[in-house]
Amino acid sequence: MPHVLVLNASYEPLGVVSMRRALILVLNHKAIALEDAGTTLHSATGAVRAPSVVKLTRFVRVPYRGPVPLTRRALFARDHGRCVYCGAAATSVDHVIPRSRGGQHRWDNVVAACRRCNHTKADRHLADLGWRMKRPPAAPSGLAWRVIGTGIKDPRWRPYLEPYGGLDQFRDFEHHDHPETVLPAPVRTRPIRRGEQHAPLSA
């Protein structure tokens, strides 16, 4: 079943709910629909447009929320679905400092990686291989990550999430949801070693 973006009365993103939950909010006048999903839902007594974005009619005070939960979906969104070492499509999760060497499972030590780089790196440090990353991993921030971190996406949500961070990740989501969009094929590169240029691998 499709999901619906829920905004506070102040338009800040609160999260994602099921279509059924969103309809209950709208029918009980607890929310209004800002965008529709392009379909109509029928019942015995009438029909209603399925919402894609709803806004609460009354402001809800949100308690303090800690860091974005570290999940596979959120991690792949942060790293754009690409291996941080070579740029190929990511298929696995890697600990920069291996857990066998004391590395912790947290945002600043976990990255998305392809199977080849993950297998090559194994339980070694980057320094052991002469590898380096373009930027150190860090925890994502911004209210939009309440939505982006779920891995659920809808292009209609972008205007409502853009002011709250995570726009680059959401653009990636749009591309993934629209296979007819032709994007340049990523150039597979090998991990960068100290003292050399970032050169593509030969076929």
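The structure displayed is predicted, hence computed values, not measured ones.

### What to know about the overall build of the chain
Check the secondary structure of the chain and you find 7 helices and 8 strands. Looking at the chain as a whole, 37% of its 203 residues qualify as buried. A fraction of 57% describes how many contacts in the chain between residues 6 or more apart in sequence connect residues 24 or more apart. Split by element, the accessible area of the chain, about 12,100 Å² in all, is 54% carbon and sulfur.

### Looking at the pattern of salt bridges
Between side chains of opposite charge, pairing is possible as soon as their charged atoms come close. Here the structure, examined in full by the defined rule, presents 7 salt bridges. Put simply, Asp128 and Arg101 hold a salt bridge, and the shortest N to O gap is 3.2 Å. Taken together, the positions of Asp128 in helix α4 (residues 126-129) and Arg101 in the loop between β5 (92-95) and β6 (110-113) put the pair 27 residues apart, joining distant regions of the chain. For Asp128, a relative accessible area of 47% corresponds to the partly exposed category.

### Structural notes on the sheet that holds strand β4 (residues 47-56)
If you trace the 4 strands from one edge of the open sheet to the other, you get β2-β1-β4-β3, paired in mixed fashion. At either margin of the open sheet sits one strand with a lone partner, and together these are β2 (13-18) and β3 (31-42). The mean angle between the axes of side-by-side strands here comes to 30 degrees, regardless of whether they run parallel or antiparallel. Pairing geometry for strand β1 (residues 3-7) and β2, over 5 bridges, is antiparallel. From the neighbouring strand, His3 faces β2, where its bridge partner is Ser18. Relative to the sheet, helix α1 (residues 19-27) contacts β1, β2, β3 and β4, its axis offset from that of β4 by approximately 85 degrees.

### A word on the pairing of β6
Burial along β6 is two-sided: the face carrying Val110 and Ala112 and the face carrying Val111 and Ala113 are both buried. When β5 meets β6, the two strands line up antiparallel, connected through 4 bridges. By the bridge assignment, Ser92 is partnered in β6 with Ala113.

### Some words on the pairing of β3
Of the strand pairs in this sheet, β3 and β4 are connected by 8 bridges, and their pairing is antiparallel. By the bridge assignment, His42 is partnered in β4 with Ala47. What sits between the antiparallel neighbours β3 and β4 is a turn of 4 residues.

### Observations concerning the confidence of the model for the chain
The share of residues in the chain with pLDDT of 70 or more is 81%, and the mean pLDDT across the chain is 83. With pLDDT under 50 throughout, residues 175-189 is counted as low confidence; its partners more than four residues away or in other chains account for 20 contacts. With pLDDT under 50 throughout, residues 197-203 is counted as low confidence; its partners more than four residues away or in other chains account for 12 contacts.

### Focus on α1
Structural remark: α-helix, 3.6 residues per turn; residues separated by three or four positions point the same way. Turning to α1, its buried residues are Met19, Ala22, Leu23 and Leu25. The arc that holds every buried residue of α1, seen down its axis, measures 160 degrees, which confines them to one face. Projecting away from the buried face of α1 at angles above 90 degrees are the exposed residues Arg20 and Leu27. Looking at the packing, one finds that the buried side of α1 touches β1, β2, β3 and β4. Where α1 ends, the next residue or the one after it, His29, has phi of about 60 degrees, a positive value.

### Some remarks on the nonpolar core
Formed by 16 residues in total, the largest nonpolar core has its most connected members in Leu5, Val53, Trp157 and Leu161. Ignoring sequence-local partners within four residues, the contact set of Leu5 consists of Pro13, Gly15, Ser52, Val53, Val54, Val147, Trp157, Tyr160 and Leu161. Tyr85, Val96, Leu126 and Met133 belong to the second-largest nonpolar core, a separate cluster that totals 13 residues.

### Here we look at the environment of Val17
Mapped onto the fold, Val17 is located in strand β2. Residues Val17 and Pro2, spaced 15 residues apart in sequence, show a C-alpha to C-alpha distance of 9.0 Å. Val17 has contacts with His3, Val4, Val6 and Ala22, leaving out every residue within four places of it along the chain.

Rules behind the numbers
- Residues numbered from 1 in each chain as written.
- Predicted model: local features only at pLDDT ≥ 70, side-chain atom pairs only at ≥ 80, totals over all residues.
- Heavy atoms only, no water.
- Helix = DSSP H or I, 4+ residues; strand = E, 2+ residues; numbered from the N terminus.
- Buried < 20%, exposed > 50% of the residue type's maximum accessible area, 1.4 Å probe, protein only.
- Contact = heavy atoms within 4.5 Å.
- Areas by Shrake-Rupley, 256 points an atom, 1.4 Å probe, with all protein chains shown as cover.
- Salt bridge = Lys/Arg side-chain N within 4 Å of Asp/Glu carboxyl O.
- Pairing = 2+ DSSP bridges.
- Axes fitted to C-alpha atoms, helices over the stretch in contact; angles between N-to-C directions.
- pLDDT = per-residue confidence, 0-100.
- Arc of directions from axis to C-beta.
- Core = buried A, V, L, I, M, F, W, Y, C linked by side-chain atoms within 4.5 Å.

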